[in-house]
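Each chain, written out:
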Amino acid sequence: MPSGANEEFGAYLADLRRRAGKSQRRLAEILCDLSGCPTVTRHEISRYERGRRTPRFWLPYLAEALGASLGELERRANLAFGGHQPSYTDAQAEFFIHGFPEGDVPQLGGVTGRRIGSDVVADLLVRIHRLRLADDVLAGGDLIGPALRELDAAVAMYQAGGFSELVGRALLAAISELAQIAGWIASDAGLNQRAEEIYQLGISAAREAGDRTSAANLVGSLAYHQTNVGAPETGLELAVAALDEAGDDVPPRAKALFWDRVAWTYAKTGQASLAIRALGRASEALSRHAGEEDPSYLYWVDEGELRIMEARVHVELRRPLRAVPVLTEVLDQYDSTHAREIALYLSWLAVALADANEPEEAAHTARRVLELSADMPSERTTRRSQVVLARLHPFRNVREVRDLIDDYGRRA
């Protein structure tokens, strides 16, 4: 609950807004215009005015929008909130302003009329990797705008022509990589049909470029998406097809990733022995990685990620005693800036604890999930929050669970 000082600052901010003759919705629109961050909403303004969140990052924009003294806003914020703890929204806004300003997207006009060279493709690859790194700390709803702008610009660049055959293949390969991360972001934003269309675009580009590893990665990404939106049988077919697409001559980390996805689809279709066997194949593949240079999109595939998938598979198979120690250990070491991943991994831990008949601890963990994901524009965390609440419902006579359901049960 917010303290009296928090509420006092919120009341001061609300009074400034009313004196300026602006609604919460209008103030949010002005903050979006001033900052270039398109994600501030009326609900966010309401949280500031109720003292539930510090608007530390937004103080300069609030001062300008409300005709207020920045110094006075900062003084009152310091009294109310003390040392600043960066919120998810702060990180999001910081990135939008400094990481992907809209005007920084490659424009078709910049290359039309001249021959596109390898330098343009190299710049595109840098931008794609920057988008991947942004996805590590931001949710799909934050990144969908920049991701789609990048993809549209890259496709338009290819359609305009004006490049050698070699550069054309490289550009297609880059588009396939961009489609993979853009499809992932669209899925996290809840744009399921758009995600599927983007993945299909990427698969076509990768195949035309002759990049089997990228094509297989996209097929596997589509498999994971289908599995998680309620079509696990289709997901299983695609996950197996991704292995066939890749063939034998594929980087070890890619093979490990593809087997991991197969394991997940087996778990989601209730095929326990095949899921465990696939996990073993993933571990075996990763063990063959000897430090060779892989495609940059495999940077995150390591032993830790395979252990997380192993734990998740055990949760899905209702084997909590195998999952709890791994998830607990991994979460203790996880970077706190990765809020979405932490919320997701905590959600599996909460389910595992419930399955292990530890409802009090499950409720405590679930509360952390729900608090972390409350303002996060991620369809994945929303779905997992619903799963967690549903799994805890049989324990509703336990005080901690009852309190949790009273506070958050509307999400179930």
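Report on the accompanying structure.

The rules we used
Residues numbered from 1 in each chain as written. Predicted model: local features only at pLDDT ≥ 70, side-chain atom pairs only at ≥ 80, totals over all residues. Heavy atoms only, no water. Core = buried A, V, L, I, M, F, W, Y, C linked by side-chain atoms within 4.5 Å. Buried < 20%, exposed > 50% of the residue type's maximum accessible area, 1.4 Å probe, protein only. Helix = DSSP H or I, 4+ residues; strand = E, 2+ residues; numbered from the N terminus. Contact = heavy atoms within 4.5 Å. Polar contact = N/O pair within 3.5 Å; in protein donor to acceptor, adjacent residues only side chain to side chain. Axes fitted to C-alpha atoms, helices over the stretch in contact; angles between N-to-C directions. Parallel < 35°, antiparallel > 145°, perpendicular 65-115°, else oblique. Left-handed = near helix turned anticlockwise from the far one by under 90°. Nonpolar A, V, L, I, M, F, W, Y, C, P; charged D, E, K, R; others polar.

## As for the nonpolar core
Core analysis: the biggest nonpolar cluster contains 65 residues, and Phe 258, Val 313 and Leu 392 have the highest contact counts within it. At 11 residues, helix α17 (residues 339-355) tops the list of elements feeding residues into this core. Setting aside residues up to four positions removed in sequence, Val 313 forms contacts with Ala 263, Trp 264, Ala 267, Ala 275, Ile 276 and Leu 279. Formed by 40 residues, the second largest nonpolar core is a distinct cluster that contains Leu 124, Leu 143, Ile 181 and Ala 206.

## Some details on the environment of Ala 362
Assignment of secondary structure puts Ala 362 in helix α18 (residues 359-373). The class for Ala 362 is buried, based on a relative accessible area of 0%. In contact with Ala 362, other than residues within four places in its own chain, are Ala 350, Leu 353, Ala 354 and Leu 392.

## A word on the side chain of Ser 385
Mapping Ser 385 onto the fold places it in helix α19 (residues 379-392). Exposure remark for Ser 385: the relative accessible area of 2% places this residue in the buried category. Among the polar contacts made by the side chain of Ser 385, one reaches the side chain of Ser 373 at a distance of 3.3 Å.

## A short note on the packing of α17 against α19
α19 packs onto α17 with a crossing angle of 15° between their chain directions and a minimal axis gap of 10 Å. By the criterion of interaxial angle, the relationship of α17 to α19 is roughly parallel. Note on packing geometry: the crossing formed by α17 with α19 is left-handed. Facing α17, whose interface residues are Arg 340, Ala 343, Leu 344, Ser 347, Trp 348, Ala 350, Val 351, Ala 354 and Asp 355, α19 presents Arg 380, Thr 381, Arg 384, Val 387, Val 388, Arg 391 and Leu 392. Partitioning the contact of α17 with α19 into residue classes produces 9 nonpolar, 2 polar and 5 charged.

Remember, this is a structural readout, not a statement about activity or role.
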